[in-house]
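Residue strings, one per chain:
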Amino acid sequence: MKSEDTPFEGGPMDGRVLPVLLGPTGHPPKTYRIPVPDAAGGPPTVLVYRRVPRGHGKRLGLPQGWKYEFAAEGDKGAGGLGGPRGLRWPWSKPRTGPDATPDATPDGRRDDADE
């Protein structure tokens, strides 16, 4: 397997460079989780780092490498893939509950500007 030395920024791993295994596309994983054992023998604390571009090229604007930044919110902030609310497909059911996006029109009324 191929690996790449990747720097870490923020959190307890700030300033360290670790070899990270690359996936089939040649990129490191989007999130990197580091379990830290508890001294009292309890469940381990998991440090979460998110992959961000290290810099962009001048000509095409492509990422020139990757680094990991500490995610203080852990797994709660990303919701998996695709940003803060997770990856959503057009055929997915609408979200309900506190994570749902509010409607643009209050009280479920239609917004017909042409009528």
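Computed from a prediction, not measured in an experiment: that's the story for all the values here. (Residues numbered from 1 in each chain as written. Predicted model: local features only at pLDDT ≥ 70, side-chain atom pairs only at ≥ 80, totals over all residues. Heavy atoms only, no water.)

Trainee: Quick rundown of the pattern of salt bridges? Include the residues and the values.
Mentor: Here the structure, examined in full by the defined rule, presents one salt bridge. Ionic pairing is found between E9 and K67, a salt bridge with its closest N-O pair at 3.3 Å. Linking E9 in strand 1 (residues 3–9) with K67 in strand 5 (residues 66–70), this pair joins segments that are 58 residues apart in sequence. (Salt bridge = Lys/Arg side-chain N within 4 Å of Asp/Glu carboxyl O. Helix = DSSP H or I, 4+ residues; strand = E, 2+ residues; numbered from the N terminus.)

Trainee: Give a description of the nonpolar core that names residues and reports values.
Mentor: Judged by nonpolar contacts, F8, M13, V20, I34, L47, Y49 and Y68 together constitute the single largest core of seven residues. Excluding residues that lie within four positions of it along the chain, V20 makes contacts with K2, S3, E4, T6, F8, P28, P29, Y32 and Y68. (Core = buried A, V, L, I, M, F, W, Y, C linked by side-chain atoms within 4.5 Å. Buried < 20%, exposed > 50% of the residue type's maximum accessible area, 1.4 Å probe, protein only. Contact = heavy atoms within 4.5 Å.)

Trainee: Describe the packing of aromatic side chains, and please don't skip the residues or the numbers.
Mentor: In total, this model carries five aromatic pairs according to the counting rule given. Here the aromatic rings of Y32 and Y68 are separated by 5.5 Å at their centres, their planes lie at 40°, and the arrangement is tilted. One end of the pair, Y32, is in strand 3 (residues 31–36); the other, Y68, is in strand 5, and 36 residues separate them in sequence. A residue is classified by how much of its surface remains accessible, and Y32, at 22% relative accessible area, is partly exposed. Relative accessible area serves as the criterion here: at 0%, Y68 is assigned to the buried category. Clustering of aromatic rings is evident, with ring pairs tying together F8, Y32, Y49, Y68 and F70. Across the ring face of W66, the terminal group of R51 is positioned such that the distance to the ring centre comes to 4.2 Å. (Phe/Tyr/Trp six-rings, centres within 6.5 Å; stacked < 30°, edge-to-face > 60°. Lys NZ or Arg CZ within 6 Å of the ring centre and 35° of its normal.)

Trainee: Go over the pairing of strand 4 (residues 45–53), please, and point to the residues and values.
Mentor: Pairing geometry for strand 3 and strand 4, over six bridges, is antiparallel. Across the sheet, V36 pairs through a bridge with T45, a residue of strand 4. (Pairing = 2+ DSSP bridges.)

Trainee: Can you explain the sheet that holds strand 5? Please cite residues and give values.
Mentor: Strand pairing in a sheet relies on backbone hydrogen bonds. The paired strands run either parallel or antiparallel. Taken together, the five strands give an open sheet; going across it, the order is 2-1-5-4-3, and neighbouring strands pair in mixed fashion. Of all the strands in the sheet, just strand 2 (17–21) and strand 3 have a single pairing partner and so form its edges. The mean angle between the axes of side-by-side strands here comes to 35°, regardless of whether they run parallel or antiparallel. Pairing geometry for strand 4 and strand 5, over five bridges, is antiparallel. If you follow R50 over to strand 5, its bridge partner there is E69. (Axes fitted to C-alpha atoms, helices over the stretch in contact; angles between N-to-C directions.)

Trainee: A description of the side chain of T6 should follow, citing residues and the corresponding values.
Mentor: With respect to the helices and strands, T6 occurs in strand 1. Judged by relative accessible area, which is 0%, T6 ranks as buried. Among the polar contacts listed, one links the side chain of T6 to the backbone oxygen of E4, at a separation of 3.1 Å. The contact partners of T6, leaving out residues within four places of it in the chain, are R16, V17, L18, V20, W66, K67 and Y68. (Polar contact = N/O pair within 3.5 Å; in protein donor to acceptor, adjacent residues only side chain to side chain.)

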